[in-house]
Amino acid sequence: MKDQITPKTVLLAEGLRKSYGSKENAQQVLQGINLHVTEGEFVGIMGPSGSGKTTLLNTLATIDRPTDGEIFIQEYEISKMKDRQLSDIRRQHLGFIFQDYNLLDTLTVKENILLPVSLTKMSKMEAEHEFNEIAAILGITELADKYPSEISGGQKQRTSAARALIHSPSLVFADEPTGALDSKSASNLLENLHEINHSRQVTIVMVTHDPLASSYCSRVVFLKDGKVFAELYRGEKTRESFFKDILDMQAVLGGGSPK
């Protein structure tokens, strides 16, 4: 499998399986998934309820362990790493955007965003530069001294996105990032992620049930019954045209229900 890893490889999974329960009564959630993500891709993962998309994200993101198969993040094989090694990988290489924000109420917006770099060797000057650049792109510069209780849901999610990006991770995982947002806030966040993906070549893997959110991606992977059912590539298509293709694929799958 290592011979598939190129200098542009950010994530590589092969034969990924995940089951829960005893051998006699095991539930097979992932059934031999293969996935290859290269630098600068914005990959959406979609599928009907019970298709395994959230389990796949959690397994790829080191939140859960696979039952079988291999996962590489860059050249590091994470599927067999010990917890301490995984912690180092998360801190150095991964960023996370969750649906429920996961902000600390006792810290300001700026302090929440800078929290990941407190565990790295990034200088104070470099951290300040990164904060200013990312906050400007996400439109939250003026919120720096406010607390989470003082800002809207959309602003909280953009703060969460900035925190995921501040340490320049190799890969950002987003789990239903627009799920708790109104349509305007969701569109703003997706435009921001799309801009960051292009301008900073940040690689993003996003689970979503929303075809509009997926239309911002460069590729969408569709799951069904724990397997990869199909993939769509945007290529040179407009977002509107790609959105229609996603809707058509959802119709074939029987709908894109929430996870």
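No experiment lies behind these values; they were computed from the predicted model shown.

## Points about the overall build of the protein
Link 1 in the chain: Along the protein, the regular secondary structure elements total eight helices and ten strands.
Link 2 in the chain: Against the compact-globule benchmark of 18 Å for 259 residues, the protein has a radius of gyration of 18 Å, which places it among compact chains.
Link 3 in the chain: The dimensions of the protein, computed from C-alpha atoms along their principal axes, are 55 × 40 × 35 Å.
Link 4 in the chain: Expressed as a percentage of contacts within the protein between residues at least 6 apart in sequence, the contacts between residues at least 24 apart total 69%.
Link 5 in the chain: A total accessible area of about 12300 Å² is found for the protein, and carbon and sulfur atoms account for 49% of it.
Link 6 in the chain: Charged side chains in the protein number 29 positive and 34 negative. The centres of these two groups are separated by 3 Å.

## Regarding the packing of aromatic side chains
Link 1 in the chain: The final tally for this structure, using the stated rule, is two aromatic pairs.
Link 2 in the chain: Ring centres of Phe96 and Phe98 lie 5.9 Å apart, and the angle between their planes is 5 degrees; this geometry places the pair in the stacked category.
Link 3 in the chain: For Phe96, a relative accessible area of 17% puts it in the buried group.
Link 4 in the chain: In this structure Phe98 comes out as partly exposed when scored by relative accessible area, which is 24%.

## Thoughts on the sheet that holds strand S1 (residues 9-20)
Link 1 in the chain: Spatially, four strands are ordered S2-S1-S4-S5 in an open sheet, and the strand pairing comes out antiparallel. Every interior strand has two partners, whereas the edge strands, strand S2 (27-38) and strand S5 (76-77), have only one.
Link 2 in the chain: Sheet topology note: the strand S4 (residues 68-73)/S5 ladder contains two bridges and is antiparallel. Bridge assignment links Ile73 to a residue of S5, and that residue is Tyr76.
Link 3 in the chain: Helix H1 (residues 53-60) rests against S1, S2 and S4 of the sheet, and its axis sits at about 120 degrees to S1.

## Some points on helix H4 (residues 124-138)
Structurally, the α-helix is built with 3.6 residues per turn, so residues lying three or four positions apart point the same way.
Link 1 in the chain: With 15 residues, H4 extends 21 Å from end C-alpha to end C-alpha; this agrees with the ideal 21 Å at 1.5 Å per step.
Link 2 in the chain: Buried residues of H4: Ala127, Glu130, Phe131, Ile134, Ala135, Ile137 and Leu138, and no others. Within H4, the buried residues cover an arc of 155 degrees as seen down the axis, which keeps them to one side.
Link 3 in the chain: Phi turns positive, to about 70 degrees, at Gly139, one or two residues after H4.

## Brief notes about the pattern of salt bridges
Link 1 in the chain: In the structure shown here, the tally under the stated rule is eleven salt bridges.
Link 2 in the chain: For Arg65, the salt bridge identified is with Asp83, shortest N-O distance 2.9 Å. You can see Arg65 sitting in the loop between H1 and S4 and its partner Asp83 sitting in helix H2 (residues 83-93), a full 18 residues away along the chain.
Link 3 in the chain: The partly exposed category is assigned to Arg65, whose relative accessible area is 30%.
Link 4 in the chain: A salt bridge links Glu231 to Arg219; the nearest nitrogen and oxygen atoms lie 2.7 Å apart. Of the two residues, Glu231 sits in strand S10 (residues 227-233) while Arg219 sits in strand S9 (residues 219-224), which places them twelve residues apart along the sequence.

## Observations regarding helix H6 (residues 183-199)
Link 1 in the chain: Its 17 residues give H6 an end-to-end C-alpha distance of 24 Å, which sits within 8% of 24 Å, the value for a rise of 1.5 Å per residue.
Link 2 in the chain: For H6, the set of buried residues is Ser185, Ala186, Leu189, Leu190, Asn192, Leu193, Ile196 and Asn197. Down the axis of H6, the buried set is contained in an arc of 160 degrees. They therefore lie on one face. Along H6, exposed side chains directed more than 90 degrees from the buried face belong to Ser183, Lys184 and His198.
Link 3 in the chain: Looking at the buried positions of H6, the neighbouring elements they touch are strand S3 (42-46), strand S6 (94-97), H4, helix H5 (153-165), strand S8 (204-207) and helix H7 (211-214).
Link 4 in the chain: By the N-cap criterion, in which a side-chain oxygen at the helix start approaches the backbone nitrogen of a residue two or three places on, H6 is capped by Asp182, the distance to Lys184 being 3.1 Å.
Link 5 in the chain: Gln201 sits one or two residues past H6 and shows a positive phi near 55 degrees.

Thresholds applied
- Once a new chain begins, its residue numbering starts again from 1 and follows that chain's sequence as written.
- Given that the model is predicted, a residue must reach a pLDDT of at least 70 before its local features are reported, and side-chain atom pairs must reach 80 or more before they are shown or counted; all residues, however, enter totals for whole chains, interfaces and linings.
- Neither water nor hydrogens contribute to the side-chain values; these are computed over all heavy atoms in the structure.
- Each helix is a run of DSSP H or I of at least 4 residues and each strand a run of E of at least 2, with the numbering of both proceeding from the N terminus.
- It is over C-alpha atoms that the radius of gyration is taken, and the globule rule equals 2.2 Å times the number of residues to the power 0.38.
- Between two residues, a contact is recorded if the distance between any of their heavy atoms is within 4.5 Å.
- Here the Shrake-Rupley method, with its probe set to 1.4 Å, supplies the accessible areas, and only the displayed protein chains count as covering residues.
- Within this scheme the basic residues Lys and Arg register as positive and the acidic residues Asp and Glu register as negative, but His and the chain ends are omitted.
- Note that the charge is assigned to NZ on lysines, CZ on arginines, CG on aspartates and CD on glutamates.
- By convention, a stacked pair of Phe, Tyr or Trp rings (six-membered ring in the case of Trp) has centres within 6.5 Å and planes under 30 degrees apart, an edge-to-face pair has planes over 60 apart, and any other such pair is tilted.
- Note on exposure labels: buried denotes an accessible area under 20% of the residue type's maximum, exposed denotes more than 50%, and partly exposed covers the range between, all computed with a 1.4 Å probe on protein chains only.
- Should DSSP find at least two bridges between two strands, the strands are taken to pair.
- Here, axes are lines fitted to C-alpha atoms. For helices the fit covers the stretch in contact, and angles between N-to-C directions go from 0 to 180 degrees.
- One fewer than the residue count of a helix, multiplied by 1.5 Å, yields its expected span.
- Of all possible arcs, the one meant is that of the directions from the helix axis to the C-beta atoms.
- For this document, the term salt bridge refers to a Lys or Arg side-chain nitrogen within 4 Å of an Asp or Glu carboxyl oxygen.
- N or O atoms within 3.5 Å of each other form a polar contact, as long as, within protein, one can give a hydrogen and the other can take it, and as long as residues adjacent in sequence are counted only when both atoms are side-chain atoms.

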